[in-house]
Amino acid sequence: MRVSLEVNGRPLAADVWEGESLLYMLRERLGLWGSKNACEQGECGSCSVLLDGDLVCACLVLAAAADGAQIRTVEGMADDRIGRAVQQAMVEAGGVQCGFCTPGFVVSIADLLSRDPHPDELAVREALAGNICRCTGYVRIFEAVQKAAASL
Amino acid sequence: MLGLPRTRGVIGESVPRPDAPAKVRGAFDFASDLHAEDMLYGRTVRSPHPHAVVRRIETSAAAAMPGVRCVLTAADLPGKPYYGLDKVRDQPVLVGVGETVRYAGEAIALVAADHPEQARAAAAAVQVEYEVLEPLTDPVQALIEGQTLRNLVIRRGNPDAGADVVVKGFYEVGQQDQAPLGPEAGLAIPDGEGGVDLWVATQALHVDLRQVADALALPPEKCRIRLAGVGGAFGAREDLSMQIHGCLLALRTGRPVKMWYGRDESFVGHVHRHPAWMWYEHGADREGNLVFVRATIVLDGGAYASSSHAVVANAAIFGCGPYRVPNVLMWCGAARTNHVPNGAMRGFGAVQSCFAHESQMDRLATAVGISPLEIRLRNAMRSGDRLITGQVVSGAAPVADLIRRCAELPLPPPPADRMALPGGAGNLAEAADVKRAEGWAIGYKNIAYSEGSDDYATARVRLERRNGHAVALVKTAAAEVGQGLVTICQQIARTELGVEEVELLPADTLIGDAGSSSASRQTWMTGGAVREAARLVAGELLRRAGPPGRGLAGGHVVDDEGAPLAPIALLLDEPIEREFEHHHRRTGKLDEHGQGDAHVSFMFVAQRAVVDVDPEAGLARVAQVATVQDVGLALNPLQVHGQIEGAVAQGVGLATMEEIQTRDGVIRNASFTDYLLPTALDMPEVVSELVEEAEPDAPYGAKGVGEPPLISSPAAICAAMRAASGRELCRIPVRPEELAGISETKPPRQLTPGQPPA
């Protein structure tokens, strides 16, 4: 079936198999490899994207259900100042090691800061509890959130 | 002096990772992101049975399905049908008809199709008939039956020594998964001339190459293994996963083949940390000075050898901790069972025995009547002391210093709100019921390969002029797996060459071996190779410059005073390129008493955990882990602290929640829904301090840093949970029912510490 959607401001379309996830469509059909496939069960947040402004795991959304939606992926995060601030803070704070979880964190943190520009520690931990990082122990990611918030 | 040229981004600075900008944009290619024109998707058919004989494999229905291009079985293998690490290659590439399946998840057949769903459907349509056998799942029984991958005895002093104070204990460590977020993945592309290029997420390109080339019956130069982006490793990528399979499908179909494992498949697609059962007996004098340790350590090696050989050595050699112990009898063995093979995971054997020896030290402290801190200080190993193998610690061993400094680190504030209590979001704990306590543990481990291995790494460094300025290019085959080696290599090249622009060339097997990114060895080994190659380049540059040129800094040749003489770029009409193969000091083998200089160097750590426990509800939350680590020299302090924090997270996981649940030889929780990993809400505060005492043999004096904080943090956390709850808690991860006192772990058998299972 044909699915049309807007990704990072660009209208895109692809023929998908009915069972395909939005994650599969983004990656394998549209060549947007930034959203990652770590658990494909909605547990790790590596595939976090914004769907009509809501933070979702792209692995849990059927591509067909995203027909007509506006999607923002990690590839589009540099389009606004919050996204750019988050990206820069993650680099500088050392919030990146292997980097497999990083795209999901960038999207989740940008989403958090767009709703709550100055989150306290608990708000940060709660907002990021759906993103698993296996390398950093989260410490430098928390720092990156505060660094990004301070720069905005 | 002002105005002298200075190079930015050298060793000692907290330089950001060079790959981080691409990673935050989603523009970094991990192995599972790779794709090629006309690419097929590979899929593995796996045995559901842990022990069975394959009687028949019927592939015709699968081969006839839409989109299916190829189905392969063991009958199609062109080369050596077995692979594995070290000297032992005992793992079948595919289990064929008449052969025996030895773990649930073992590969039987391969499928390649146009779409991954077609490949999945075709894999399900391959019919395999099994004669199901009883699985051997009890490692102690396996050892009694002679199913031994390795056993090692260490005898030192008088193994029968007696002491004034004696404590005995049994300890168990569950099976931890490395759980790297990036799944096993790779892309194999046939070169049209019978050879193949494989882009893969791995820890060791040349180790893969030797196994892949043999399995394909190709000369090594026809197989080029190239590092794809690696989404974490922690030991999970030392053994092969899809490497041979992907190449077989690509060579058979003549088309690029991509394979990636889903999370469920990943749990059977890589080795795990050995579960351990440990019987210990410690003796001390009335002041708490250790007199003897006797111990029996049983590790479940699973179905195949993997790295059990070396894990047994580590569990045993470091099995008494960084203490002076005059009399030792240690028996350690890995059993061959019908479980998924166990092998490398960060900490590599030392994690398991650390839990036992540190639990024992606390018992001993109680029995002697001194504090956990005091018993450790009293017995702490110092430079010049001997390991239980008789080896003298010739380098830095600031163990007492680590403990004292750790005790001085600030304690955490009380829980700020309900969310910070055990049970957090579930609103389960009553603040009045919560008890806070601290626990201590110290640990140590080797750096680099051991027991006589010729451990080396290769680097090529080139200095050339580009657009009028000097650029260094660094080439190695070392795997960047997230640990930050790329940053370190750049910092080293800048330090030696005085140029700031350092380009890292892709890692592949077109250069000499770098060994594996494991054993905390790459900074020492590949870092050392880059340093020496760069020094050769620098030597040639200074020869071209002539006197009074003495050094390189800020893009200039400088004199003794550091004053600039000439831009480096001006001397590069001809580029300079040098290669260096860096070997570390040769280690020796262990004799029949487990004595010998098996290791090149050691790294030490002291940790204090503070845990809040609700002993009625069986809930715990780790509030803080404090770490003081012996690092030699911190080449990049930001990265060192990042390694400590990440290792602590994995230690929190092992102590409190992470365990692969296996029943009748089958993994029951092969998903991130059921295998629990610490999240942002579980993560404690981490405070850490580095002790920098240069290691004599190490490049720049820098030790490895990745493993130590995972060695002792589980033991420290469990000790705190014990202190808060008053329960025995002899196994990790600690189960809520044990913390609440509803159940208790009992030894599976009564074994005599120091004696083999009988």
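Residues numbered from 1 in each chain as written. Chains lettered and ligands numbered in written order. Predicted model: local features only at pLDDT ≥ 70, side-chain atom pairs only at ≥ 80, totals over all residues.

1. A word on the overall build of chain B
Selection criterion: Under the DSSP-based scheme used, a helix requires at least four consecutive residues in state H or I and a strand at least two consecutive residues in state E, with every element numbered from the N terminus. Counting other C-beta atoms within 10 Å of each residue's C-beta, where C-beta atoms are placed from the backbone, gives the exposure class: buried for 20 or more, exposed for 12 or fewer, partly exposed between. Throughout, a residue-residue contact means that the two C-beta atoms, derived from backbone geometry, are no farther apart than 7 Å.
Within chain B, the regular secondary structure consists of 16 helices and 33 strands. Summarising its shape, the C-alpha atoms of chain B cover approximately 80 × 75 × 55 Å along the three principal directions. A buried classification covers 62% of the 758 residues belonging to chain B. For chain B, contacts bridging at least 24 residues in sequence account for 81% of all contacts bridging at least 6.

2. Side note on the overall build of chain A
Quick reminder of the rule: The atom set for the radius of gyration is the C-alpha atoms, and the globule formula is 2.2 Å times the number of residues raised to the power 0.38.
The helix and strand inventory of chain A stands at five helices and five strands. Whereas a compact globule of 152 residues would reach a radius of gyration of roughly 15 Å, chain A reaches 15 Å, a difference of no more than 12%. Counting over 152 residues, chain A shows a buried share of 62%. Contacts in chain A between residues far apart in sequence, at least 24 positions, make up 62% of those at least 6 positions apart.

3. Some thoughts on the packing of helix α2 (residues 81-93) of chain A against helix α3 (residues 102-115) of chain A
All names here are of chain A. For clarity, the threshold we go by: With axes taken as lines fitted to C-alpha atoms, and helix axes fitted only over the stretch in contact, angles between N-to-C directions fall between 0 and 180 degrees. The scheme is simple: roughly parallel for angles under 35 degrees, roughly antiparallel for over 145, roughly perpendicular for 65 to 115, oblique for anything else. By definition, turning the near helix anticlockwise from the far helix through less than a right angle yields a left-handed crossing, and turning it clockwise yields a right-handed one. Three residue categories are used. Nonpolar comprises Ala, Val, Leu, Ile, Met, Phe, Trp, Tyr, Cys and Pro, charged comprises Asp, Glu, Lys and Arg, and polar comprises the others, including Gly.
Two elements in contact, α2 and α3, have axes whose closest approach is 9 Å; the angle formed by their N-to-C orientations is 130 degrees. It follows from the interaxial angle that α2 and α3 lie oblique. Of the two elements, α2 crosses α3, and the hand of that crossing is right-handed. Residues Ile-82, Gly-83, Val-86, Gln-87 and Met-90 of α2 form the contact with α3, whose own contacting residues are Thr-102, Val-106, Ile-109, Ala-110, Leu-113 and Ser-114. Within the contact of α2 with α3, the residues separate by chemical class into seven nonpolar, four polar and no charged.

4. Quick word on the nonpolar core
The nonpolar side chains of a soluble globular protein tend to be buried, and buried together. The test is simple: Nonpolar cores are built from buried Ala, Val, Leu, Ile, Met, Phe, Trp, Tyr and Cys residues. These are joined into a set through C-beta atoms within 7 Å.
If you look at the biggest cluster of nonpolar residues, it comprises 324 residues, and the most contacted ones within it are Val86(A), Val111(B), Val611(B) and Met721(B). At eleven residues, helix α15 (residues 708-725) of chain B tops the list of elements feeding residues into this core. With residues near it in sequence (within four places) discarded, Met721(B) still touches Val611(B), Val613(B), Ala620(B), Leu729(B), Val734(B) and Leu739(B).

5. A few points about the sheet that holds strand β1 (residues 40-46) of chain B
Residues and elements named next belong to chain B. Stated formally: In this description, strands pair whenever DSSP reports at least two bridges between them.
Strands sit in the order β3-β7-β1-β14-β11-β12-β13 across an open sheet of seven strands; the sheet is mixed. Edge positions in the sheet fall to β3 (68-73) and β13 (223-227), since each has one partner strand and no second. Here the average twist between neighbouring strands, direction ignored, is 20 degrees. Note: β1 against strand β14 (residues 257-260), two bridges, orientation parallel. Its bridge partner lying in β14, Leu-40 is registered against Val-257. Helix-sheet contacts for helix α3 (residues 116-125) involve β1, β3 and β7 (107-113), and the interaxial angle to β1 is about 25 degrees.

6. Some remarks on the interface of chain A and chain B
Every contact between the two is made by 44 residues of chain A and, on the other side, 46 residues of chain B. Those elements giving two or more residues to the side of chain A that touches chain B turn out to be α2, α3, α4 (121-127) and α5 (139-151) of chain A. Counting residues per element, the side of chain A that touches chain B draws most heavily on α2(A), at four residues. Of the residues belonging to the side of chain A that touches chain B, the class tally is 22 nonpolar, 14 polar and eight charged.

7. Notes on the environment of Phe292(B)
Secondary-structure assignment places Phe292(B) in strand β17 (residues 290-300). Phe292(B) has contacts with Ala161(B), Ala163(B), Gly283(B), Asn327(B) and Val328(B), leaving out every residue within four places of it along the chain.

8. Description of the sheet that holds strand β32 (residues 685-691) of chain B
Residue and element names in this part refer to chain B. If you walk across this open sheet you meet the four strands as β20-β28-β29-β32, and the pairing is mixed. Of all strands in the sheet, those bounded by a partner on one side alone are β20 (435-446) and β32. With direction set aside, neighbouring strand axes in the sheet form an average angle of 20 degrees.

9. Re the pairing of strand β26 (residues 564-567) of chain B
All names here are of chain B. One ladder, built from three bridges, connects strand β25 (residues 556-558) with β26; its direction is antiparallel. Residue pairing in the sheet places His-556 in a bridge with Pro-567 of β26. The hairpin turn running from β25 into β26, its antiparallel successor, is five residues long, and Gly-562 in that turn takes a positive phi close to 85 degrees.

10. Here we look at the environment of Val631(B)
Residues and elements named next belong to chain B. If you trace the backbone, Val-631 turns up in the loop between β29 (619-630) and α14 (637-656). As for Val-631 and Leu-402, which are separated by 229 residues in sequence, their C-alpha atoms are 11 Å apart. Val-631 has contacts with Val-640, Leu-690, Val-691, Glu-692, Lys-703 and Val-705, leaving out every residue within four places of it along the chain.

11. Quick look at unusual backbone geometry
Here Pro547(B) and Pro548(B) are connected by a cis peptide whose omega angle stands at 0 degrees. Position of Pro548(B) among the secondary structure elements: in the loop between α13 (522-545) and β24 (551-553). The linkage connecting Ile732(B) with the following residue, Pro733(B), adopts the cis geometry, with an omega of -5 degrees. The backbone of Asn8(A) sits at a positive phi, close to 50 degrees, despite the residue not being glycine. With respect to the helices, strands and loops of the structure, Asn8(A) is situated in the loop between β1 (2-7) and β2 (10-15). Take Asn8(A): there are 18 C-beta atoms within 10 Å of it, and that puts it in the partly exposed class. Not every positive phi belongs to a glycine, and Ala448(B) is a case in point at roughly 75 degrees. Its location among the elements puts Ala448(B) in the loop between β20 and β21 (456-466).

12. Describing the environment of Ile109(A)
All names here are of chain A. Within the element layout of this structure, Ile-109 appears in helix α3. According to the C-beta neighbour criterion, Ile-109 is buried, with 31 such atoms within 10 Å. In the structure, Ile-109 is positioned 17 residues away from Glu-92 in sequence and 15 Å away in space, judged by C-alpha atoms. With sequence-adjacent residues up to four places away left out, Ile-109 is seen in contact with Val-86, Val-145 and Ala-148.

13. Digging into α13(B)
Here is the rule we go by: Helix span, expected: 1.5 Å multiplied by one less than the number of residues in the helix.
When the terminal C-alpha atoms of α13(B) are compared, their 33 Å separation across 24 residues agrees well with the 34 Å that a helix rising 1.5 Å per residue should span. At the exit of α13(B) stands Gly546(B), carrying a positive phi of roughly 75 degrees.

14. Some thoughts on the packing of α3(A) against α5(A)
When two helices pack together, you describe them by how their axes are tilted relative to each other and by the distance separating the axes. All names here are of chain A. Orientation of α3 relative to α5, taken along the N-to-C sense of each, is 45 degrees, at an axis distance of 11 Å. On the basis of the axis angle, α3 is oblique to α5. Remark: the crossing between α3 and α5 carries right-handed chirality. Contact with α3, carried on its side by Phe-105, Ile-109 and Leu-113, involves Ile-141, Val-145, Ala-148 and Ala-149 of α5 and no other residues of that element. Its residues assigned to classes, the contact of α3 with α5 shows seven nonpolar, no polar and no charged.

15. Some words on α3(B)
All names here are of chain B. Definition in use: Directions drawn from the helix axis to the C-beta atoms are what define this arc.
Within α3, burial applies to Pro-116, Gln-118, Ala-119, Ala-122 and Ala-123. Buried residues of α3, seen end-on, are gathered within an arc of 155 degrees and therefore sit on one face of the element. Tucked inside the fold, the buried residues of α3 contact β1, α2 (60-63), β3 and β7.

16. What to know about the confidence of the model for chain B
For the record, the criterion: Values of pLDDT, ranging from 0 to 100, describe the predictor's confidence in every residue of the model.
Of the residues in chain B, 100% have a pLDDT of 70 or more, and the chain-wide mean is 97. For this predicted complex, the interface confidence comes out at an ipTM of 0.99, alongside a pTM of 0.98.

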